[in-house]
Amino acid sequence: SDPHPLYNHLELYLPSTKHHPQSLYPYPQGLFLFPFPNWNHKGRMNIIDFHVHPMYDFHLPTHGVTIDTTRFRADLEQNGITRCCGSVIYSAMNNQPLEAYEQLIPKLNDQALLCREKMEGFYIPGIHVHPAFADLSCRELQRCHEQGVKLIGELVPYMMKWPEYTCDGFIEIMEYAR
């Protein structure tokens, strides 16, 4: 008989670049790998990195290496990753005045869609929402869902001045997403 379904998943945590400064690839909070028991056309197990940030640039002052979508994908594939997902984050979005996020949310989501296009299905985009702009966030959910997006996040309230996950705006967004 087949083993319990939980045995078909593997979760692996790799330390962040904070602990390994020689690493050029920016994993700000670690990497979670979820290999599933299916094999790709090369006879290798498919491995999805579920915590990536294309266009991430917080490492530039340390390493000075720009990672475009081509380098981003190549680095992941070189390490056995067959697909990845996550949201676009970069330093310009960090700790802006609250009202700036109303304009920034659609731009970040557009960048995620562009990354998906450039990486030809390798990258599964996650989109941003913001509870201070619940109506906008719900429109973004609809717009991106119409383009095939089914992932919200990674959510980054600590970067985008959210009060908490339990605020009314966030609950409204999650109800709409449901």
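Placed above this text is the structure.
Residues numbered from 1 in each chain as written. Predicted model: local features only at pLDDT ≥ 70, side-chain atom pairs only at ≥ 80, totals over all residues. Heavy atoms only, no water.

K.L.:
Provide a residue-level description of the environment of Ala92, including the pertinent values.
P.N.:
Within the secondary structure, Ala92 is located in the loop between strand S4 (83–86) and helix H3 (101–118). Residue Ala92 is classed as partly exposed on the basis of its relative accessible area of 47%. C-alpha of Ala92 to C-alpha of Asp57: the two residues are 35 residues apart in sequence and 9.0 Å apart in space. (Helix = DSSP H or I, 4+ residues; strand = E, 2+ residues; numbered from the N terminus. Buried < 20%, exposed > 50% of the residue type's maximum accessible area, 1.4 Å probe, protein only.)

K.L.:
An account of helix H2 (residues 69–78) is needed here, citing residue identities and associated values.
P.N.:
For H2, the set of buried residues is Thr69, Phe72, Asp75 and Leu76. The buried residues of H2 occupy one face: seen down the axis, they fall within an arc of 135°. Exposed side of H2, more than 90 degrees from the buried face: Thr70 and Gln78 are the residues found there. Its buried side turned inward, H2 meets strand S3 (45–49), S4 and H3. A positive backbone phi angle near 90° is found at Gly80, which sits one or two residues after H2. (Arc of directions from axis to C-beta. Contact = heavy atoms within 4.5 Å.)

K.L.:
Before we move on, could you go through the pattern of salt bridges and cite the residues and values that matter?
P.N.:
Taken as a whole and assessed by the stated rule, the structure comprises five salt bridges. As a salt-bridge pair, Arg73 and Glu77 come within 3.0 Å of each other at their nearest N and O atoms. Residue Arg73 and its partner Glu77 are both found in helix H2; the two are separated by four residues, about one turn of the helix. On the basis of relative accessibility, which here comes to 23%, the residue Arg73 falls in the partly exposed class. One salt bridge connects Glu175 with Arg178, and the closest N-O pair in it is separated by 2.5 Å. Judged by relative accessible area, which is 75%, Arg178 ranks as exposed. (Salt bridge = Lys/Arg side-chain N within 4 Å of Asp/Glu carboxyl O.)

K.L.:
Residues and numbers for the nonpolar core, please.
P.N.:
Residues Met93, Tyr123 and Met160 are the most contacted members of the largest nonpolar core, which totals 40 residues. Secondary-structure elements contributing two or more residues to this core are H2, H3, helix H4 (134–145), helix H5 (157–160) and helix H6 (168–177). The element contributing the most residues to this core is H3, with seven residues. Leaving out residues up to four positions away in the same chain, Met93 has contacts with Val88, Tyr101, Leu104, Leu108, His128, Val156, Met159 and Met160. (Core = buried A, V, L, I, M, F, W, Y, C linked by side-chain atoms within 4.5 Å.)

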